[in-house]
Amino acid sequence: MPALDRTLYVVATPIGNLRDLSLRALDMLGQVDVIAAEDTRVSAGLLAHYGIRARLVSLHEHNEHKRAAAIIESLAAGKRVALVTDAGTPAISDPGAALVRAVSAAGYAIVPIPGPSAVTTALSAAGIAAPQWLFLGFLPASATARRAALERVNALPYALVLYEAPHRIAATVAALTAALDPQREIFIARELTKRFETLHRSSLADASAWLAADADRMRGEFVLIVAPPGNTATEDDAGEHDALLKPLLAELPLAQAVRIAVAQSGAPRNRLYQRALALQKTVKATS
Ligand code: SAM
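Because the structure is predicted, anything quoted here is derived from the model rather than measured.

Asks: What exactly am I supposed to notice about the overall build of the protein here?
Replies: A tally of regular secondary structure across the protein gives eleven helices and ten strands. Against the compact-globule benchmark of 19 Å for 287 residues, the protein has a radius of gyration of 24 Å, which places it well outside the compact range. Projected onto its principal axes, the C-alpha positions of the protein cover 75 × 40 × 30 Å. Expressed as a percentage of its 287 residues, the buried residues of the protein come to 41%. In the protein, the share of contacts with a sequence separation of at least 24, taken over all contacts with a separation of at least 6, comes to 71%. Total accessible area on the protein stands at roughly 14,700 Å², and carbon and sulfur atoms take up 54% of it. Across the protein, the centroid of the 29 positively charged side chains sits 4 Å from that of the 27 negatively charged ones.

Asks: Can you walk me through the domain arrangement of the protein in this structure?
Replies: Accessible area lost upon the coming together of the parts is a frequently used measure of interface size. We note that the domain assignment places domain 1 (7-116), domain 2 (119-226) and domain 3 (235-286) within the protein. On a C-alpha basis, the centres of domain 2 and domain 3 stand 27 Å from each other. Taken together, the contacts link five residues of domain 2 with five residues of domain 3. Roughly 460 Å² is buried in total at the junction of domain 2 and domain 3, and carbon and sulfur atoms are behind 42% of that figure. When residues of domain 2 are sorted by the area they lose upon contact with domain 3, Asn-154, Asp-181 and Gln-183 head the list and together hold 66% of the total. Where domain 2 meets domain 3, there are zero salt bridges. Taken together, the links from domain 2 to domain 3 amount to zero residue pairs in polar contact (both at pLDDT 80 or more).

Asks: Sorry if this is basic, but what is going on with the packing of helix α7 (residues 169-179) against helix α8 (residues 204-212) here?
Replies: Pairs of packed helices are described in terms of their axes, by the angle between the two and the distance that separates them. Contact geometry for α7 and α8: axes closest at 8 Å, N-to-C directions at 160°. The orientation of α7 relative to α8 falls into the category roughly antiparallel. Judged by the twist between their axes, the crossing of α7 over α8 is left-handed. Side by side, α7 and α8 meet where Ile-169, Ala-170, Val-173, Ala-174, Leu-176 and Thr-177 of the first sit next to Leu-204, Ala-205, Ala-207, Ser-208 and Leu-211 of the second. Of the residues contributing to the contact of α7 with α8, the split by class is nine nonpolar, two polar and no charged.

Asks: Would you take a moment to explain the sheet that holds strand β4 (residues 81-84) for this structure?
Replies: The strands making up a sheet are joined through hydrogen bonds of the backbone, oriented either antiparallel or parallel. The strand order across the open sheet built from five strands is β3-β2-β4-β1-β5, with neighbouring strands paired in parallel fashion. The open sheet has two free edges, formed respectively by β3 (55-58) and β5 (109-113), since each of these has just one partner strand. Going from strand to strand, the sheet's axes swing by 25° on average, the running direction of each strand aside. Bridge count for strand β2 (residues 34-37) against β3 is four bridges, and the pairing is parallel. Along β3, the bridge assignment pairs Ile-35 with Leu-56. Sitting on the sheet, helix α3 (residues 64-76) is in contact with β1 (7-11), β2, β3 and β4, with an inclination near 150° to β4.

Rules behind the numbers
Residues numbered from 1 in each chain as written. Predicted model: local features only at pLDDT ≥ 70, side-chain atom pairs only at ≥ 80, totals over all residues. Heavy atoms only, no water. Helix = DSSP H or I, 4+ residues; strand = E, 2+ residues; numbered from the N terminus. Rg over C-alpha atoms; globule rule 2.2 N^0.38 Å. Buried < 20%, exposed > 50% of the residue type's maximum accessible area, 1.4 Å probe, protein only. Contact = heavy atoms within 4.5 Å. Areas by Shrake-Rupley, 256 points an atom, 1.4 Å probe, with all protein chains shown as cover. Lys, Arg positive; Asp, Glu negative; His and termini not counted. Charge placed at Lys NZ, Arg CZ, Asp CG, Glu CD. Domains from an automatic or database assignment. Buried area = accessible area lost by both parts, 1.4 Å probe. Salt bridge = Lys/Arg side-chain N within 4 Å of Asp/Glu carboxyl O. Polar contact = N/O pair within 3.5 Å; in protein donor to acceptor, adjacent residues only side chain to side chain. Axes fitted to C-alpha atoms, helices over the stretch in contact; angles between N-to-C directions. Parallel < 35°, antiparallel > 145°, perpendicular 65-115°, else oblique. Left-handed = near helix turned anticlockwise from the far one by under 90°. Nonpolar A, V, L, I, M, F, W, Y, C, P; charged D, E, K, R; others polar. Pairing = 2+ DSSP bridges.

Now the structure itself:
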């Protein structure tokens, strides 16, 4: 190991399969003086698997600020400290950011040791050729806040990436289907790198039924990736589509107006649907 003491190593650990610990992570965990862990029992299991003995201290969302002071004292005493969480990369929907900031502000070095993260693992297998994606982490628990969060991102031209736990997976998929164009594609990555790893692709409209068809499909940990909305229309197209949609929307419910506009123009349903939503909002805002 390079002579980098007084350093906080931010170490990614496996998200399921223990063999996914990198060689560099293994070296570092074996050589640091202290390991700050989200749940010391979980990390003790990983360390035991690799025959590593290290002093573990707990660092979780409720004590992160307080613990940061103690870790800075250890660094001041010339110690090398590693930060790990229960699974994956620290600070990705996990504690870590406050500690990193405090250590950095105190003038000590931060060295990230990259490795698994559920978000990049799922994206690598999704086959969604979106150049840009937006990581939403966990959506809010309350239905109203969840709806508002999805409305904010509905029309953005990005793939949406979310984390979800088993007890909320059905509600979240239903909320995505209600808030976004149900024809958008969803990729469900369940139990990545584990025995019951499942990768499933469908439209949002079909996803709830797929989940409900087998109780096992709702068990475990999930990453959800929703493909971006259809290609953005050119300005010429948008003008034509508006001219078609406006009179239809004046007389008909949105879904029916979109169906007729799709039949008449041959334009992608998703594009017209997004445009109709935008027009409807403008009409409401000005009436
Ligand atoms: N720091 C972690 C990372 O880098 O991915 C994420 C921690 S967050 C508290 C835990 C969430 O990550 C789970 O609820 C799930 O949404 C996702 N996750 C973690 N491991 C997973 C796995 N093996 N398969 C699918 N999703 C997983």
